[in-house]
Amino acid sequence: MDTKKKIAILGSTGSIGTQTLEVVRANGDLDVVALAAGSNVELMEQQIREFRPSLAAMWSEEAAEDLKVRVADLAVKVVWGMDGLLEIATMKESEVLVTAIVGMIGIRPTIAAIEAGKDIALANKETLVCAGHIIMPLAAKCGVSILPVDSEHSAIFQSLNGEPKDKIEKILLTASGGPFRGKARAELAGMRVEDALKHPNWSMGRKITIDSSTLVNKGLEVMEAKWLFDVDLDRIQVVVHPQSIIHSAVQYVDGAIIAQLGTPDMKLPIQYALYYPDRRPMGGKRVDFFELAQITFEKPDTDTFVGLKLAYRAATAGGSMPTVFNAANEKAVGLFLNREISYLQITELIEACMDAHKNISDPSVDEILAAEQEAYEAIQNRKHG
Ligand code: NAD
Ligand code: MG
């Protein structure tokens, strides 16, 4: 009998997706049954040849047609678009869906996978930010696990191992501070795409790297933590820790703080999510306490990095406001990466969209997608206005 754990990956050509495949390669007892990606047909072809999934998806029909021709000699079905993502999310063979896709496009496939009884190894934080109120109760109802892949949330998850949730006093969510830590707001005005893409400790996809520089990423992670661990916002404290050695911590009611430390490498949280509760061997550099020159902590500067302040505002408002925060950010970061807006306009656009939004409490998926559309259009109109 085939006892390999069967996994499907949404976003296989990205930073998390390729590192997930490295973990698969290193372990040898995971079976990749499906892969989905946006437009990188060349890398997708290589991945199919190496991992032999039975199903593969590209976002556009054109890319899927291209892929079909390239892999015509193999027994793989090629699909495309949202229907393709949904087919992969719900396919019978898979046991775990790795959501390594970027953005709130992940909402519908994630919900469909949970309804189909798949465990979720969740990297796609935007989905939880917008639809955590739908996803977490649904996962509980369907008896599936949501296993965090985000390094901070994996650290919290590891620090919670065996401890009851009602003994948590607070969560200490660490942040590197990004490439612009210590800068004044006036200095941020002139920052270009290449400046913002220089992350000090982590190599990640472009969108999350920009989000790390604005601290919007940390804001999204506060909301992600709230949903994953069911803790109130006032018990989640962001701690800037530039060395990225402590990946986050939990403080308990008796004052004990339990943390997870390690060198920054996403393969550890990915592997932990895929094998939980097992802890598998992994190579790579170890933290050497004697080599650590210093380990420091700061409060986040929310007057300069207003992205974090806006995130708390969205999280406190709840309802559809986190969707507007996230959607406006996705759109604005896309425009910044295209060099159509300046760096500070990213958070200005988020704030303007939030100011204009009439909040809807407990939004349905359709209402979430409508709020997303509203934010996109507001930014589009502003840009041309
Ligand atoms: P990335 O840009 O490197 O990769 C994104 C992947 O999604 C690519 O494979 C891309 O082809 C695919 N994709 C994008 N749009 C698609 C679509 N419409 N249909 C199908 N596939 C699509 O991004 P990343 O850095 O790997 O981040 C992925 C997610 O993981 C994000 O939500 C991010 O916040 C989260 N995350 C990433 C890191 C990291 O170290 N990179 C750490 C923590 C959390
Ligand atoms: Mg993170």
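Residues numbered from 1 in each chain as written. Chains lettered and ligands numbered in written order. Predicted model: local features only at pLDDT ≥ 70, side-chain atom pairs only at ≥ 80, totals over all residues. Heavy atoms only, no water.

(A) The nonpolar core, seen in detail. Judged by nonpolar contacts, the single largest core of 127 residues is most densely connected at L274 and F325. When residues of this core are assigned to their parent elements, the largest contribution, 10 residues, is made by helix α14 (residues 321-337). Beyond its immediate stretch of four places on either side in the chain, L274 contacts K5, I7, T20, V23, L30, V96, V98 and A121. (Core = buried A, V, L, I, M, F, W, Y, C linked by side-chain atoms within 4.5 Å. Buried < 20%, exposed > 50% of the residue type's maximum accessible area, 1.4 Å probe, protein only. Helix = DSSP H or I, 4+ residues; strand = E, 2+ residues; numbered from the N terminus. Contact = heavy atoms within 4.5 Å.)

(B) Broad picture of the site of ligand 1. Around ligand 1, the structure places 21 residues, and the nearest of them are T13, S15, G38, E126 and G205. For ligand 1, an oxygen atom lies 2.7 Å from a polar atom in the side chain of T13. Here ligand 1, which alone exposes 830 Å², has 88% of that area covered by the protein. Listed by contribution, the elements that provide at least two residues to the shell around ligand 1 are α1 (15-27) and α6 (125-142). (Near = heavy atom within 4 Å. Polar contact = N/O pair within 3.5 Å; in protein donor to acceptor, adjacent residues only side chain to side chain. Areas by Shrake-Rupley, 256 points an atom, 1.4 Å probe, with all protein chains shown as cover.)

(C) The arrangement of helix α10 (residues 206-214) in detail. Among the nine residues that make up α10, seven are buried, leaving the element largely enclosed by the rest of the structure. Regarding α10, the residues found buried are K207, T209, I210, D211, S212, S213 and T214. Where the residues of α10 are buried, they touch α6, α9 (193-196), α11 (216-229), α13 (306-317), α14 and α15 (343-356). Directly beyond the C-terminal end of α10, a positive phi value near 70 degrees is found at L215.

(D) Up close: the coordination of the magnesium ion (ligand 2). Within the protein, the magnesium ion (ligand 2) binds to D150 (OD), E152 (OE) and E221 (OE); these donor distances fall in the range 2.0 to 2.2 Å. Counting along the primary sequence, the residues that act as donors to the magnesium ion (ligand 2) give the motif D-x1-E-x68-E. Residue class for E152 comes out buried when judged on its relative accessible area of 8%. (Donors = N, O, S within 2.8 Å, 3.2 Å for Na, K, Ca; no water.)

(E) Summary view of a nonpolar patch on the surface. Taken together, L261, F289 and F290 make up a surface patch of nonpolar side chains, about 410 Å² in accessible area. Along the polypeptide, L261 turns up in strand β11 (residues 257-261). What makes L261 partly exposed here is its relative accessible area of 37%. (Patch = residues over 30% accessible without salt bridge, like charges linked within 9 Å, V, L, I, M, F, W, Y side chains within 5 Å. Salt bridge = Lys/Arg side-chain N within 4 Å of Asp/Glu carboxyl O.)

(F) Representation of the sheet that holds strand β3 (residues 55-58) within the structure. Ordered in space as β4-β3-β2-β1-β5-β6-β7, the seven strands form an open sheet in which the pairing is parallel. In the strand order of this sheet, the two ends are held by β4 (77-80) and β7 (146-148), each with one partner. Put simply, the sheet's adjacent strands are angled 25 degrees from each other on average, direction ignored. Of the strand pairs in this sheet, strand β1 (residues 5-10) and strand β2 (residues 30-37) are connected by six bridges, and their pairing is parallel. Residue L10 lies in a different strand from β2, and its bridge partner there is A36. Lying on the sheet, helix α3 (residues 61-70) is in contact with β3 and β4; it crosses β4 at an angle near 170 degrees. (Pairing = 2+ DSSP bridges. Axes fitted to C-alpha atoms, helices over the stretch in contact; angles between N-to-C directions.)

(G) Spotlight on the pattern of salt bridges. Applying the stated criterion to the full structure yields 24 salt bridges. Here E22 ties to K267 by a salt bridge, and the two come within 3.6 Å at their closest N and O atoms. With E22 in helix α1 and K267 in helix α12 (residues 267-275), this pair connects stretches of sequence that are 245 residues apart. Classification of E22 by relative accessible area gives partly exposed; the value is 34%. Here D195 makes a salt bridge to R192, at a shortest N to O gap of 3.0 Å. Given the relative accessible area of 15%, D195 is considered buried.

(H) Just the packing of aromatic side chains, in detail. Within the structure shown, the criterion is met by five aromatic pairs. Pairing F157 with Y272 gives two aromatic rings, centres 6.2 Å apart and planes at 80 degrees, and the pair type is edge-to-face. Here the residue F157 occupies a position in helix α7 (residues 151-159), and Y272 occupies one in helix α12, the gap between them amounting to 115 residues. Residue classification places F157 among the buried positions, given a relative accessible area of 18%. For the pair F336 and Y343, a centre-to-centre distance of 5.5 Å together with 65 degrees between the ring planes defines the contact as edge-to-face. Exposure class is identical for F336 and Y343. Each is buried. Through a chain of ring-to-ring contacts, the aromatic side chains of F157, Y272 and Y276 assemble into a single cluster. Its guanidinium or amino end placed over the ring of W227, K226 lies 4.3 Å from that ring's centre, counting from NZ or CZ. Across the ring face of Y376, the terminal group of K331 is positioned such that the distance to the ring centre comes to 5.4 Å. (Phe/Tyr/Trp six-rings, centres within 6.5 Å; stacked < 30°, edge-to-face > 60°. Lys NZ or Arg CZ within 6 Å of the ring centre and 35° of its normal.)

(I) Just the pairing of β3, in detail. Both faces of β3 are covered, namely the face carrying L55 and A57 and the face carrying A56 and M58. As defined by bridge partners, β2 adjoins β3 across four bridges and the pair is classed as parallel. What sits directly across from L35, in β3, is A56. Pairing of β3 with β4, which is carried by four bridges, proceeds in the parallel orientation. When the bridges of β4 are listed, L55 appears paired with K77. Taken together, β3, α3 and β4 form a β-α-β motif whose crossover is right-handed. (Right-handed = clockwise from strand over helix to strand, strands pointing away.)

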